[in-house]
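Residue-level structure breakdown
Letter by letter, the chains look like this.
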Amino acid sequence: MEQRLRAYKYALDPNPAQQELLEQCAGAARHAYNLLIAENRERGDRYRLLCDHLTTRGMNAAEIKTALREHEQQHPDEPLRPLGYQAYATQHLTAMITEHRDAAARIAAGEDPARGWSDDRYDEPWMHQIARRVHVSGLQHADAAVKNWFASLTGARKGRRIGAPRFKRKGRSRDSFTIPAPESMGPRATFHRSLDQRRGQISDYRHVRLAALGTLRTHDSTKRLVRALERGARLRSFTVSRAGTRWYVSLLVAEDVETPQPTKAQRAAGIVGVDVGVKVQAALSTGELVDNVRPGAAAAKRITRLQRAIARCQRGSQRQKRLYRSLAAARHHVAQQRATTQHALTKRLAASYEHVAIEDLNVAGMSASARGSLEAPGRNVRAKSGLNRAILDVGFGEIRRQLDYKTSWYGSQLHIIDRYLPSSKTCYACGTVRSKPSLRERVFECECGYHEDRDVNAARNIARFAVPELADTGRLAAGRAESRNGRGAHALDPQHGDLEDATIDASRPTTSGGPPVGSDPDLLHTDARAG
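All values reported here derive from a predicted model rather than from experimental measurement.

**Digging into the sheet that holds strand S3 (residues 185-186)**
Ordered in space as S3-S4-S5, the three strands form an open sheet in which the pairing is antiparallel. Each of the sheet's edge strands pairs with one partner strand only, and the pair in question is S3 and strand S5 (215-217). Here S3 pairs with strand S4 (residues 207-210) via two bridges, running antiparallel. Along S4, the bridge assignment pairs Gly-186 with Arg-209.

Written out as structure tokens, the structure is:
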């Protein structure tokens, strides 16, 4: 048995009062986030100024560390270390909420609002009207942002170095907040003792209980979530977010499941190589070409018209706000179309095959700008910009991320081959490595007489590189390929049977730690295929 975390996401259908409450909660979480970011930014500025002062005095690192510790002891009102969300909630948040509650009570008792509330930052006291957990959610997100920044600075976090956390702005940042269990939450049969006494528990599959937010209607049925809870799953938290003009709730569930094993049909299908691109969304080693619906390109004209209309509006006018909502809805529709095609592809691959092989593409490098600088301007900037949009429209990284966890759900295995292996230049039949083909060459032709669609040939090579040969024990052969969720089961090539006679060695020696001998270092540019 293993524990699996799964999120069930539903579009909400709130009434006007509930929508106003959701907007208030999102604003409260954003406000709490900014409070903690401002506190830690002030502490960081104080720390840097003191370090610079001590450095100019000629102190070494050990002496500076001792001096900083002594400064904190002598000046407790000038802390230097970043503050966590729990400490901030205890030291500051509680006092703020109490101040708002007391001021609101005095004003309700008849005191002059100008005297009962004198905080210039807010028009009136409001923090006590929002559940405390919503404020804490914003503090938790700020604390995580600060920790991720420090982890990036120290090298503990992989990937590119990230910058310091910035303030969230209304209308620019994503509205969201998270409420954990044991708050009252869930679909059918959920009941809150103090808030649902008259209406009782939820009796249908079209409503969810979201703690103090109340019972909200959903567009989709919650039957699958109810069935999971009946099997013993446990609710961990729920996250409310806004995308475009829609509000969504994502309920995180932890369930104990048996380790999935590949089905008979998956073992019979064997291995499939996947070559993602922009002319087609994916080419499979079976010869199938998955159409690319290009949702971003299809909506580009409408989005451009909306952006031009917004630029010509008077700033802050009602018409501009209405157009902003239309623009957000259009972009959200594009994101939904893209997610639908990605999920359909990744689920079919993970559930239909025992082994799925893809490339470790450098998406950030492939979609980097070719603009250059004033001293060294780039070339073909306009064409490269169009290619970048096409690459991001498909979502190479998202397809890999979904395959990573879905293969573990359906008992299959994901293989990720080295990005420098010449999958696009190698003949699948004889193993000959050609020179880099032009993007206009859509059919791969070899001197041995083999000819096939360029992308299908690359997909078949990806499958072969991922599993060069299968030993009698069923274990994968050693090589440069990276295996995930591995169980080491037998796989067959869907086109040519056993892979034991593979003629391409994926573990060729390298020179100075670089790509395999005979490969093209610029391969990542050819793998992003232009139409």
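**Some details on helix H13 (residues 396-409)**
Taking 1.5 Å per residue as the helical rise, H13 with its 14 residues ought to reach 20 Å, and the 20 Å between its terminal C-alpha atoms agrees with that figure. Phi turns positive, to about 80°, at Gly-411, one or two residues after H13.

**A short note on the environment of Glu-258**
Within the element layout of this structure, Glu-258 appears in the loop between strand S7 (246-257) and helix H7 (264-269). Here Glu-258 falls in the exposed class, since its relative accessible area comes to 63%. C-alpha of Glu-258 to C-alpha of Gln-3: the two residues are 255 residues apart in sequence and 8.6 Å apart in space.

**Description of the packing of helix H3 (residues 85-108) against helix H5 (residues 132-154)**
Look at H3 against H5: their axes get within 10 Å of each other, and the N-to-C directions meet at 140°. Between H3 and H5, the crossing angle belongs to the class labelled oblique. The hand of the H3/H5 crossing is right-handed. The segment H3 lies against H5, with Tyr-85, Tyr-88, Ala-89, Leu-93, Thr-94 and Ile-97 engaging Arg-132, His-135, Val-136, Leu-139, Gln-140 and Asp-143. Tallied by class, the residues present in the contact of H3 with H5 amount to seven nonpolar, three polar and two charged.

**Details of the nonpolar core**
Residues Phe-177, Leu-210, Leu-213, Phe-238, Val-240 and Val-249 are the most contacted members of the largest nonpolar core, which totals 28 residues. The biggest single contributor to this core is helix H1 (residues 16-56), with five residues. Ignoring anything within four residues of it in the chain, the contact list for Leu-210 reads Leu-12, Ser-184, Leu-216, Phe-238, Val-240 and Val-249. Within the second largest apolar cluster, 23 residues are counted, among which are Tyr-353, Leu-361, Leu-387 and Phe-396.

**A look at helix H2 (residues 61-74)**
Between its first and last C-alpha, H2 extends 20 Å over 14 residues, near the 20 Å set by a 1.5 Å rise per residue. Restricting attention to buried positions, one finds in H2 the residues Ile-64, Ala-67, Leu-68 and His-71. In a view along the axis of H2, the buried residues occupy a sector of 105°, so they form one face of it. With respect to the buried face of H2, the exposed residues turned more than 90 degrees away are Ala-62, Lys-65 and Gln-73. On its buried side, H2 packs onto H1.

**Remarks on the packing of helix H9 (residues 300-311) against helix H10 (residues 318-352)**
Direction vectors running N to C along H9 and H10 enclose 160°, while the axes themselves pass 9 Å from each other. With respect to H10, the axis of H9 lies roughly antiparallel. The element H9 and its partner H10 pack so that their crossing is left-handed. Where H9 abuts H10, its residues Arg-302, Ile-303, Leu-306, Gln-307, Ala-309 and Ile-310 lie against Arg-319, Gln-320, Leu-323, Tyr-324, Ser-326, Leu-327, Ala-330, Arg-331 and Val-334. Among the residues forming the contact of H9 with H10, the class breakdown is nine nonpolar, three polar and three charged.

Here is what the cut-offs are and how they apply
- Position numbers for residues start from 1 in each chain and track the written sequence from start to end.
- The model is predicted, so local features are restricted to residues of pLDDT at least 70 and side-chain atom pairs to those at 80 or more, both for listing and for counting; the totals for chains, interfaces and linings are taken over all residues.
- Water and hydrogen atoms were dropped before computing side-chain values, which therefore reflect all heavy atoms in the structure.
- In this scheme, strands are said to pair when DSSP sees at least two bridges between them.
- Helix and strand labels come from DSSP, where a helix needs a run of H or I of at least four residues and a strand needs a run of E of at least two; each type is numbered from the N terminus.
- Helices are assigned an expected span. That span is 1.5 Å times one less than the residue count.
- Here's how the labels work: a residue is buried when its accessible area is under 20% of the maximum for its type, exposed when over 50%, partly exposed in between, all with a 1.4 Å probe on protein chains only.
- Structural elements are reduced to axes, namely lines fitted to C-alpha atoms, with helices fitted over the stretch in contact, and the angle between N-to-C directions of any two is expressed from 0 to 180 degrees.
- We call two directions roughly parallel when the angle between them is under 35 degrees, roughly antiparallel when it is over 145, roughly perpendicular when it lies between 65 and 115, and oblique otherwise.
- Crossing chirality is assigned from the near helix's rotation relative to the far helix, an anticlockwise turn below a right angle marking it left-handed and a clockwise turn marking it right-handed.
- Any two residues having at least one pair of non-hydrogen atoms within 4.5 Å are treated as being in contact.
- Basically, the charged four are Asp, Glu, Lys and Arg, the nonpolar ten are Ala, Val, Leu, Ile, Met, Phe, Trp, Tyr, Cys and Pro, and anything else, Gly included, counts as polar.
- Only buried Ala, Val, Leu, Ile, Met, Phe, Trp, Tyr and Cys residues count toward a nonpolar core, and they belong to the same one when joined by side-chain atoms within 4.5 Å.
- What the arc measures is the spread of directions leading from the helix axis to the C-beta atoms.

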